[in-house]
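# Descriptive structure summary
So the chains spell out like this:
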Amino acid sequence: MRKISTIEGYIFFFSFQCFTLVKKKANEHVIFLSLFRAGDSPFFFPCRCGLPLVSFLSGTMSHQESQKLDNVNPLETRVEDVIERGDNDFLDDNHDQDEHSESSQSHQAVDESDSSEDEVAPRNTIGDVPLEWYKDEKHIGYDIAGRKITKKERQDKLDSFLASADDSKNWRKIYDEYNDEEVELTKEEIKHIRRLLKGKAPHAEFDPYAPYVDWFKWDDAKHPLSNAPEPKRRFIPSKWESKKVVEYVRAIRKGLIKFDQPKEEPRFYCLWGDDSSSADRTKHLAYIPPPKPKLPGHEESYNPSLEYIPTQEEINSYQLMYEEDRPKFIPKKFTSFRSIPAYENAIKDSFERCLDLYLCPRVRKKRINIDPESLKPKLPSRKDLRPYPSTCYLDYRGHEGAVLSISVEPSGQWIASGSKDGTVRIWEVETGRCLRVWEIGEAVQLVAWNPLPELPVLAASVGADVLILNTGFGNEEEQKRIKELLHIGTPTTDDSDDMSSFLSWIQDEKYDCIRLRHYRTVSSIEWHRKGDYLSTVMPAGESRAVLIHQLSKRLTQRLPFKLHGLPVSSVFHPTRSIFFVATKKNVRVYDLLKQKLIKKLETQLREVSSIAVHPAGDNLIVGSKEGKLCWFDMDLSSKPYKTLKCHPKDITKVAFHRSYPLFASCSDDCTAYIFHGMVYADLNQNPLIVPLEILRGHTSYDGRGVMDCKFHPRQPWLFTAGADSSIKLYCH
Amino acid sequence: MEIERETNEGNSRRIQVRFITKLKAPYKVPTTAIAIPSDLSRLGLSSIVNKLLQAVDSEWKTEPFDFLIDGELVRMSLEQFLLVKGISAEKILEIEYIRAVAPRKEEEPSPHDDWVSAVDGSSPRFILTGCYDSLGRIWKQAGWCTHILEGHSGAISSVRIINSEGAGSVTVATASKDRTLRLWKFDAEDSTDHPARIRAFKILRGHNASVHSIAAKTSGDMICSGSWDCTINLWRTNDTDTNGDAVSIKKRKVNNKIEESQSEGEAVSTLVGHTQCVSSVVWPQQDTIYSASWDHSVRKWDVETGKDLSDIFCGKALNCIDIGGEGLALIAAGGSDPVLRIWDPRKPGTSAPVFQFSSHSSWISACKWHNTSPLHLLSSSYDGKVMLWDLRTAWPVSIIDTHKDKVLCADWWKGDCVVSGGVDAQLRISSDISIQ
């Protein structure tokens, strides 16, 4: 084998066993590998088909050399660069047909397979040297005999162009720089090039998908390639193998070779798998492990120790227990095993077991391993939030019907109460003494003290009327003023105002007071802080549901806003000219000076029952008939800041303390709740709400519990009015 | 021998004791040491002493005694007491016995027309009461009313005897919820079957709200009053007020009736400082006034300057205050909770009470020190009880439970009686309380 040349990294070998045939006008992409074996027809292996192959190995072989070639390894041609070409005459010259019969034979064979004109040996013998070396020479190389091949006369460029323009076959002419000649490609060659450009085999007759013939298959052949008998060495043990084995054995004995310990299979295993590890089960259905039965103990022995056997007293005491609490099994002593009777509950137990299996709800209960204490919000201790009302010390008794409403005088010396028995009473806070009684005759729904200490008048609502009563407190001058204020000369028919049709200011002679006659039942009375204005709410009053009365001028105005929903209660802002109206679902906040709606608070409650404003005015609590209490921070949002669900029944009233950070709610469940509600001046700090105390003591009457609650204006005390006709004072 | 037999019955430990006393002759027992069982309590000890006295004087009537060991009243069994106090039972124990402080007699109730709101028993000759029917009454003794003080238009909230020294005329003051104070004069000796109706000789106006309490200066020429308008007013009681006379003369002419001259007076000065109702004032010394208020404070005022000298903060609204104890140093006050507190202002940390008596179950309406004993005081409460306290024990010495409803006022009378009035419109007198 001989290395011929190296072109761009490809190494071509020529072996002497094969003869190669180079297609002279070959195409650039194909490497033909031809194999000649004795008596075989030549094979052409298209190798590296379609690759832009690099180079061309021109006829560097001498004829003699090529005769020696046995085997042909890849040869490459490239059209673009150079096309090997041999003229017919050169072919004739170079090709000594008579030199070797072998070669002629092979040539013939080649001829058979290829066109005759391809038989061209390269004229030039310089080999693969740069042509620049011959640039200045007169010859381009040497022929096979060693004679110089002179360069042809250089044609004038213009002449050659003209000649080429005239020549119709010019497009198939190629200049062979190596041999210094022009080559005209034949039609066949053009065809081959085209086919190669398309990526096909250059020969049209070549079938790339020819059925494979396994020439070397001889297993099933009748006459295998070799019919020789099996050699002896196949039957005798190999000496070298046995040496190797001995070597291994020694190594193992010395401990040089160590084997992995075989994995130990557990000797015993759970036949039905492990109950606890349900990893594979969780993939599918939720697996609920059955509860582990209690293991039998000594007490279940037929002959238990004495301490397990209950005494007669204990057995008797079991009879007093509930069926469920009784022990299921009572230990008993038997002299021998055979004297144990049959288990009397066998059938019952198995029946219950069946029932259990059938009826047991197969529901996985999510058990959360969180300490419930840690879930509680961190609240300050109740002790630190003192004082707050906690104990009932005083009882104001005298009413004969449910006390519907109470109101505390601004200085805290007296309270007024209105009751279902038709009386308004005034009590001394300190002693519980009833100082004054007005017999109205009709259930008094609401009472409200005027917030001015120097104007001790009391508003009380009786059905559709609101009475403004003179309490008789205050010194002579104040009494004089009050009497003037509460005196109406003639029933004023608010000149040409349409108000008169549904509201009238009447002098009530019997109680020496003003009677404000509404046309619907009044559900809420609220005084303005300056004591001159009074707002009343008639839930059924439609557009005139909320009225604001001015006491000094005896004027009545209606709230000039459309209320969406039934109004329940109204309240004045404690410092600014803002008015809150609670409808059944929402709380609307109006600015009375600018005459517009400021805010709408959505309570998300079923039915609002009462409302109270924090003395600073920015917070609001709303009690509802479903027992929920909402705290609104007006600075935060229109949604409740906190919703407290404390009462199982309707909240009847909520109240704020005027100076202490306390608020309370009372309900029909006969309790009142006291909360700590701290509002900070720092706007970044949210209000702190802490439940403090549940005040009990009232009894339910007619389904109603505590009807009203009010804080003492100066002490941390709470008054509650109950349906059981008592008023209670809870002190700190 | 009887004692020996009796004490032999118990099979418990025995203690050597010796009974001593400061009581006078008929109460003395022989001071020999005797062995008594250790599980005896006050009743057992008392019966032993009575037995001993009977051994001396066969006509001895049984009498309850109280027992003091190391200056502390025995309120549990002896064994427990010694254990708690850490007293050795090996030595001879000296037990001092005193007559038990308890009312032995209940006088007939004196009926009123309405709630009895105030009572003053500082004069041994009579009792002054104020009532919600706006009348004041003078009681010579239980059930015997000699005078009716007529003139207020509102319930009387407080009464005070100003001057009872004079043989004939006695001056008293009443405060009412009609914002006025009235001064009255009458002759205490003058006693008829039918109560005499008298009118005030002086009306003191100046408070803006109902007057809650009065206190009189010890010399009797000035009174002070606390009111719901948060102020304390000082008034003169002498009737040399020419200005007021003119008014009253005019009034008399208009009325055209024969009656005593009625003058009006104005406040001499006003002590401002309390922020809420002044519920109680006392004037124990010449120039200091103590006041208790619903603003949870007890204040000490200097009369001359009108300045607030000291302040004790209590945490609860206070209803009553009294000064007593050794050297008039202890302040007792009760209020809107069942605890009677006693402060010692001489101690550096005065904010904490030195004694707290909490056997009541409702508001305390009145508290009074005994005027001779520095150890005894009484308290009345809305739970209907009057309790007598001894500073030497934390339990009430005696409980008077005769009232049917709230007790609004209570006072000592004659040194051995307790007078109390309440919502049941009765003035009750529990007498024969022996206080040394």
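Thresholds applied
Residues numbered from 1 in each chain as written. Chains lettered and ligands numbered in written order. Predicted model: local features only at pLDDT ≥ 70, side-chain atom pairs only at ≥ 80, totals over all residues. Heavy atoms only, no water. UniProt positions renumbered as here; feature names shortened; annotations may be inferred. Core = buried A, V, L, I, M, F, W, Y, C linked by side-chain atoms within 4.5 Å. Buried < 20%, exposed > 50% of the residue type's maximum accessible area, 1.4 Å probe, protein only. Helix = DSSP H or I, 4+ residues; strand = E, 2+ residues; numbered from the N terminus. Contact = heavy atoms within 4.5 Å. Salt bridge = Lys/Arg side-chain N within 4 Å of Asp/Glu carboxyl O. Polar contact = N/O pair within 3.5 Å; in protein donor to acceptor, adjacent residues only side chain to side chain.

Naming follows an unreviewed UniProt entry, where chain B appears as Ribosome biogenesis protein WDR12 homolog of Gossypium hirsutum. The record held by UniProt for chain B lists under Sequence similarities (unreviewed entry) the comment "Belongs to the WD repeat WDR12/YTM1 family." Turning to chain B, the UniProt record has this under Function (unreviewed entry): "Required for maturation of ribosomal RNAs and formation of the large ribosomal subunit."

Going by an unreviewed UniProt entry, chain A carries the name Ribosome biogenesis protein BOP1 homolog and comes from Gossypium hirsutum. In its Sequence similarities (unreviewed entry) section, the UniProt record describing chain A reads: "Belongs to the WD repeat BOP1/ERB1 family." Taken from UniProt, the Function (unreviewed entry) comment for chain A reads in full: "Required for maturation of ribosomal RNAs and formation of the large ribosomal subunit."

## Structural notes on the nonpolar core
The biggest cluster of nonpolar side chains holds 27 residues, and the ones touching the most others in it are Tyr396(A), Leu729(A) and Trp363(B). Listing elements by their share of this core, those giving two or more residues are strand 10 (391-397), strand 11 (403-408), strand 37 (718-722) and strand 38 (726-731) of chain A. With residues up to four places along the chain from it excluded, the contact list for Leu729(A) reads Thr391(A), Cys392(A), Tyr393(A), Leu394(A), Tyr396(A), Val429(A), Trp717(A), Leu718(A), Phe719(A) and Trp363(B). Listed in part, the 26 residues of the second largest apolar core include Val29(B), Ile34(B), Ile48(B) and Ile69(B).

## What to know about the pattern of salt bridges
Residues and elements named next belong to chain B. In this structure the tally under the stated criterion is 39 salt bridges over all chains. In this structure, the salt-bridge partner of Lys85 is Glu72, at a minimum N-O distance of 3.4 Å. Here Lys85, found in helix 3 (residues 78-85), pairs with Glu72, found in strand 4 (residues 72-73); they are 13 residues apart in sequence, far enough to count as distant. You can call Glu72 partly exposed: its relative accessible area is 28%. Salt bridges linked by common partners bring Asp295, Arg299, Asp308 and Asp311 together as one network.

## Details of the UniProt feature "repeat: WD" (unreviewed entry) in chain B
The residues that UniProt annotates with the feature "repeat: WD" (unreviewed entry) are residues 149-194, 204-245, 271-311 and 357-393 of chain B. What you have in residues 357-393 of chain B is 0% helix and 49% strand, and the ends, taken at the C-alpha atoms, are 9 Å apart.

## Quick look at the environment of Ala402(A)
Residues and elements named next belong to chain A. In this fold, Ala402 is placed in the loop between strand 10 and strand 11. Take Ala402: its relative accessible area is 9%, and that puts it in the buried class. Residues Ala402 and Asp421, 19 residues apart in the sequence, show an inter-C-alpha distance of 7.3 Å. Beyond its immediate chain neighbours, meaning those up to four positions away, Ala402 contacts Gly418, Ser419, Lys420, Gly722, Ala723 and Ser725.

## Examining the side chain of His212(B)
Within the secondary structure, His212(B) is located in strand 17 (residues 211-216). Take His212(B): its relative accessible area is 9%, and that puts it in the buried class. Within the local environment of His212(B), its side chain forms a polar contact with the side chain of Glu430(A), the two groups lying 2.5 Å apart. Within the structure, the side chain of His212(B) is placed 3.2 Å from the backbone oxygen of Ser279(B), a separation counted as a polar contact. The contact partners of His212(B), leaving out residues within four places of it in the chain, are Glu430(A), Ser157(B), Ser158(B), Gly226(B), Ser227(B), Trp228(B), Cys277(B), Val278(B) and Ser279(B).

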